[in-house]
Amino acid sequence: MARIVAADDDDGTQQFYSMELNSISSVSDSTLGQLLKNVSDVRKLAIGDETPVHESLNQDHDDDLMRTVPFVLSFDNLTYNVSIRQKLTFRDLIPRRKTEDPEMAQTVTPPNTKTLLNNISGETRDGEIMAVLGASGSGKSTLIDALANRIAKGSLKGAVKLNGETLQSRTLKVISAYVMQDDLLFPMLTVEETLMFAAEFRLPRSLPKSKKKLRVQALIEQLGIKNAAKTIIGDEGHRGISGGERRRVSIGIDIIHDPILLFLDEPTSGLDSTSAYMVVKVLKRIAQSGSIVIMSIHQPSHRVLGLLNRLIFLSRGNTVYSGSPGSLPRFFAEFGSPIPENENRTEFALDLIRELEGSAGGTRGLVEFNKKWQEMKKENNRQPRLTPPPSPYPNLTLKEAIAASISRGKLVSGGESAAISTSTAATTLTVPAFANSIWIEILTLSKRSMLNSRRQPELFGIRLASVVITGFILATVFWRIDNSPKGVQERLGFFAFAMSTMFYTCAEALPVFLQERYIFMRETAYNAYRRSSYVLSHAIVAFPSLIFLSVAFAATTFWAVGLDGGPMGFLFYCLIILASFWSGSSFVTFLSGVVPHVMLGYTIVVAILAYFLLFSGFFINRNRIPDYWIWFHYMSLVKYPYEAVLQNEFSDATKCFVRGVQIFDNTPLGVLPDGMKLRLLDSVSRSLGTRISSSTCLTTGADILTQQGVTQLSKWNCLLITVAFGFFFRALFYFCLLLGSKNKRR
């Protein structure tokens, strides 16, 4: 019967599952069926399912079958070229006289092509670390990206195979992990919280939380960061863990589900020798647990070199050495440049490669010698092509091998819910694209963002203070506005400035996604969660703070300015401010998904919001805007909140704003004495044949709305349109993430 075995590591406890299988020379239909039954049995035990398990075909041979499912990764003739645009010179701008001479005719020069990878081949197996070395610009990171399927389809030539079968993109996403060169972590989360959130994303929802915590604790032990488990990650303004510990946490996030393939882009970059050794030592333990580890490294120390199994030296996209570290002295001795005793082998090799790169012939001789040396070793059978080690089930297909690997604890993110079916013809493995449902993803993302924000209360405090201070200044400047013609103009100015302030205040949301962009790209590259989940959680987390800001600004200004409408007017005033904050933050969030830099984003935000205010209807009425600009009036985000508050203020038809002689205010006649104004008013009355006294109402709120061109939409329609703009920009933000975060080279 299948059982789960816990294995202890020398430097920490690493718990994984091993499945006992029957020893067979080939996989027949009946034995394959038993194998898949055992896969199901181990899964039941892993998740605590108490339903009966199947009986083993041969109980006596259980102790002989505690072996890891073997994997061999091979890559052949990987070639990657990029086009370089030709620089435009001043001569290209000068028109030239046409000629019939073909030799003199101007021709269009095709763009130059640069080769980043040139027929790179190699192979490695589980339990080993393959290191890619070379100077800056040699193609180390490009090779890692090529193996990790981070180069756009069609741009890369060659084949990447696992156990002799071509790796499909979806399968690779599930069985692999990629650790970027930079440590992309939330600064205010502790080490344990960071890994726990990674477990929530990558491990299936059916796995109990207690078992997820056990997996995190085991991983912390394996990474050697137990003493820092309760310490925050930290950043420039908050003291946290060390650089080496940050790097190990970054690795831990991507191996939480114990992947088969682990790719790392210079994991020791920027670390001292001790920290670098500790990181590679952790990677060695990961490899020994049954993973294939491939990483780029700049210049390993002697101790780090002792942990590596295979090396590939690159020079300008070409392989100059491929083999084990122990073969380096013989290789360079036969090349004619023996490595001196007591000198670091990799340092000597890299120095020699740099020296050759600076020579006239470059590294062409070393590249050709490596090809001959590889052929010679193959002929002498000193370096045969890798084949999986002896296995109880040597004829398994890749999908069957992955299924068997799942049974022993690998790929926890997809293993529990993998659907495995067998027939006489074929065996299929269906692993879900995402470990959790969209609702679990939204909940986990929201919880993480709120926790990170709650530990930085100064950010919300500064924003709240800016809104309250702005409201206080407006309240004191426009204190208790009267209902005179001047009061009408002051109200219009207050509303225009207040509504535009709502949008300018939202500009602080710009850096939020720009700071999280690469964390998002890293997590979604391997289906930790859906992009739609991120967009929805981003909106959910941002909305509560908008409510506080809206109420704070409305309470500060509504009664102090003397706005009309009573309690219901105040309620609508709060709603339209909230809608303005919502649409403004959504607009800025959308821009953060388009622009790559904060300063560029601020420039664009300020410029566009200024255009929105210009065409809102305050500076120029809708009826006066030229036809070729009227479209911008209807696109203005400020237009609809501005018209809504105007209708909220001037909707009372019985309220008068211009009586009798007040008609002369805001005109040159306004400086005349009151007696003169009364006589002028009486003269106007006789001319019009209408009795106009000093108390006659000449302008109501409806007249003001007509004068301002606010006649097309009701205030509730303006509110709905403002809210709809918010959802529209959130949808655009989603499409930006969908199209602009492929995280692949072209």
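Criteria and thresholds
Numbering of residues starts from 1 in every chain and runs along the sequence as written. Confidence filtering applies because this is a predicted model: local features only for residues at pLDDT of at least 70, side-chain atom pairs given and counted only at 80 or more, and all residues used for totals across whole chains, interfaces and linings. The side-chain values count all of the structure's non-hydrogen atoms but skip hydrogen atoms and water molecules. Comment: elements are numbered from the N terminus, with helices defined as DSSP H or I runs of at least four residues and strands as E runs of at least two. A helix's residues, less one, multiplied by 1.5 Å, set its expected span. Here the term buried applies to any residue with accessible area under 20% of the maximum for its type, exposed to any over 50%, and partly exposed to those in between, with areas from a 1.4 Å probe on protein chains only. Residues count as neighbours in contact if any of their non-hydrogen atoms are within 4.5 Å of one another. Two strands form a pair only when DSSP identifies at least two bridges running between them. With axes taken as lines fitted to C-alpha atoms, and helix axes fitted only over the stretch in contact, angles between N-to-C directions fall between 0 and 180 degrees. Cysteine sulfur atoms are paired as a disulfide whenever they come within 2.5 Å of each other. By the criterion used throughout, a crossover qualifies as right-handed when its path from the first strand across the helix to the second strand runs clockwise, the strands pointing away from the viewer. By definition here, a salt bridge exists when the distance from a side-chain nitrogen of Lys or Arg to a carboxyl oxygen of Asp or Glu is within 4 Å. Here roughly perpendicular refers to angles of 65 to 115 degrees, roughly parallel to angles under 35, roughly antiparallel to angles over 145, and oblique to all remaining angles. Crossing chirality is assigned from the near helix's rotation relative to the far helix, an anticlockwise turn below a right angle marking it left-handed and a clockwise turn marking it right-handed. Each residue gets one label: Ala, Val, Leu, Ile, Met, Phe, Trp, Tyr, Cys and Pro are nonpolar, Asp, Glu, Lys and Arg are charged, and the others, such as Gly, are polar. The convention is simple: Lys and Arg are positive, Asp and Glu are negative, and His and the chain ends are not counted. Polar contact criterion, stated in full: a pair of N or O atoms within 3.5 Å, where within protein one must be able to donate a hydrogen and the other to accept it, and residues adjacent in sequence count only if both atoms are side-chain atoms.

A. Quick peek at helix α7 (residues 243-254). Given a rise of 1.5 Å per residue, 12 residues ought to cover 16 Å, and the 17 Å separating the end C-alpha atoms of α7 matches this to within 8%. What α7 keeps buried is the set Gly244, Arg246, Arg247, Arg248, Val249, Ser250, Ile251, Gly252, Ile253 and Asp254. On its buried face, α7 sits against β6 (176-179), α5 (191-202), α6 (209-223), β7 (261-265), α8 (273-288) and α18 (510-525).

B. Quick look at the sheet that holds strand β10 (residues 318-323). One open sheet accounts for six strands, arranged β6-β7-β8-β3-β9-β10; its pairing is mixed. The sheet is open, and its two borders are formed by β6 and β10, each paired with just one other strand. On average, adjacent strands in this sheet sit at an angle of 15° to one another, irrespective of strand direction. Here strand β9 (residues 310-315) runs beside β10; their pairing, made up of five bridges, is antiparallel. Pairing of Leu311 across the sheet is with Gly323, part of β10. On the sheet, helix α3 (residues 140-147) packs against β3 (129-133), β6, β7, β8 (292-296) and β9 and is oriented at approximately 150° with respect to β8.

C. Spotlight on the sheet that holds strand β5 (residues 165-166). The strand order across the open sheet formed by four strands is β2-β1-β4-β5, and the pairing between neighbours is antiparallel. Of all strands in the sheet, those with a lone pairing partner are β2 (112-125) and β5, marking the two edges.

D. Region of the structure containing the state of the cysteines. All chains considered together, the criterion is met by one disulfide. A sulfur-sulfur distance of 2.2 Å marks the disulfide that ties Cys656 to Cys697. Given an S-S torsion of about 110°, the disulfide between Cys656 and Cys697 has right-handed geometry. Here Cys656 is found in strand β13 (residues 656-659), whereas its partner Cys697 is found in strand β14 (residues 697-700), with 41 residues between them in sequence.

E. Just unusual backbone geometry, in detail. Phi at Arg316 takes a positive value of approximately 50°, unusual for a residue other than glycine. Within the secondary structure layout, Arg316 lies in the loop between β9 and β10. Although it is not a glycine, Asn342 sits at a positive phi angle of roughly 60°. Take Asn342: its relative accessible area is 85%, and that puts it in the exposed class.

F. Molecular detail of the pairing of β7. With five of its five residues buried, β7 lies for the most part within the structure. The side-chain alternation of β7 yields two buried faces, one formed by Leu261, Phe263 and Asp265 and the other by Leu262 and Leu264. One ladder, built from four bridges, connects β6 with β7; its direction is parallel. Its bridge partner lying in β7, Val179 is registered against Leu264. Bridge count for β7 against β8 is five bridges, and the pairing is parallel. What sits directly across from Leu261, in β8, is Ile292. Where the polypeptide runs from β7 across α8 and back to β8, its parallel neighbour, the crossover connection is right-handed.

G. Representation of the pattern of salt bridges within the structure. Applying the stated rule across the entire model yields 18 salt bridges. As a salt-bridge pair, Asp145 and Arg150 come within 3.3 Å of each other at their nearest N and O atoms. No difference in accessibility class separates Asp145 from Arg150, as the two residues are buried. When salt bridges that share partners are traced, they join Arg448, Arg522 and Glu523 into one network.

H. Just the packing of α18 against helix α19 (residues 531-561), in detail. α19 packs onto α18 with a crossing angle of 150° between their chain directions and a minimal axis gap of 12 Å. As summarised for this structure, α18 and α19 are arranged roughly antiparallel, according to the angle between their axes. Handedness of the α18/α19 crossing: right-handed. Where α18 approaches α19, its residues Val512, Phe513, Glu516, Phe520 and Thr524 are matched on the opposing element by Arg531, Tyr534 and His538. Within the contact of α18 with α19, the residues separate by chemical class into four nonpolar, two polar and two charged.

I. Spotlight on the side chain of Arg622. On the secondary structure map, Arg622 appears in the loop between α21 (598-614) and α22 (630-635). Here Arg622 occupies a buried position and makes no salt bridge, while the nearest side chain of opposite charge, Glu643, is found at 5.3 Å. Here Thr711 takes part through its side chain, which lies 3.3 Å from a polar atom of the side chain of Arg622.

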